[in-house]
Amino acid sequence: SMIRMRLLDEAVQEIKKLDPQSAISKNFVRELALNGKVPCVMAGRKRLINFDALLRYLESPQEESETCPEIRRVSEKFA
């Protein structure tokens, strides 16, 4: 079957349609794509997310430590 590719905004909107209470954000999905957790391709300057892979990832993240990383202190040079 056809792979469903969605722009970042569209991917988040579709998740919110499936689950109106979802706390998923654009930044979260962008990070998953940038970190290689969810496949994506660039279409010009826009990032197309593999929507089905995103749903699979959200259903079963690879490691629990990835889903809830510890909060780190911001280093002084950024403060």
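Above this note sits the structure.
Residues numbered from 1 in each chain as written. Predicted model: local features only at pLDDT ≥ 70, side-chain atom pairs only at ≥ 80, totals over all residues. Heavy atoms only, no water.

## Some details on the pairing of strand β3 (residues 46-50)
- Here strand β1 (residues 5-7) pairs with β3 via 3 bridges, running antiparallel. Considered in β3, the bridge of Leu7 is made with Leu48.
- For strand β2 (residues 40-43) and β3, the ladder comprises 4 bridges, and the chain directions are antiparallel. Residue pairing for β3: Ala43 is matched across the bridge by Lys46.
- Where β2 folds back onto β3 in an antiparallel hairpin, the turn is made up of 2 residues, including Gly44, whose phi is positive at roughly 65 degrees. (Pairing = 2+ DSSP bridges. Helix = DSSP H or I, 4+ residues; strand = E, 2+ residues; numbered from the N terminus.)

## With respect to the pattern of salt bridges
- Scanning the model with the defined rule gives 3 salt bridges in all.
- In this structure, the salt-bridge partner of Glu14 is Arg6, at a minimum N-O distance of 2.4 Å.
- We classify Glu14 as partly exposed; its relative accessible area is 21%.
- Residue Asp9 is joined to Lys26 by a salt bridge in which the shortest nitrogen-to-oxygen separation is 2.9 Å. Of this pair, Asp9 sits in helix α1 (residues 8-18) while Lys26 is found in helix α2 (residues 26-34), placing the two residues 17 residues apart along the sequence.
- Exposure remark for Asp9: the relative accessible area of 39% places this residue in the partly exposed category.
- By relative accessible area, Lys26 is classed as partly exposed at 36%. (Salt bridge = Lys/Arg side-chain N within 4 Å of Asp/Glu carboxyl O. Buried < 20%, exposed > 50% of the residue type's maximum accessible area, 1.4 Å probe, protein only.)

## Focus on the layout of surface pockets
- Its volume calculated, the second largest pocket comes out at about 170 Å³.
- Leu7, Leu8, Asp9, Lys26, Arg30, Met42, Arg45, Lys46 and Arg47 together form the lining of the second largest pocket.
- Of all the secondary structure elements, the ones that give two or more residues to the lining of the second largest pocket are α1, α2 and β3.
- Residues that form the lining of the second largest pocket fall into these classes: 3 nonpolar, no polar and 6 charged. (1 Å grid on protein atoms, 1.4 Å probe; cavity = no way out; pocket = protein on both sides within 12 Å on 5 of 7 lines; lining within 4 Å. Points joined across faces, edges and corners; volume = space filled by probe spheres on them. Nonpolar A, V, L, I, M, F, W, Y, C, P; charged D, E, K, R; others polar.)

## Description of the sheet that holds β3
- Here 3 strands make up an open sheet; going across it, the order is β1-β3-β2 and the pairing antiparallel. Strand pairing shows two members of the sheet lacking a second neighbour, β1 and β2, which therefore form its edges. Averaged over all neighbouring strand pairs, the angle between strand axes comes to 35 degrees, with direction disregarded. (Axes fitted to C-alpha atoms, helices over the stretch in contact; angles between N-to-C directions.)

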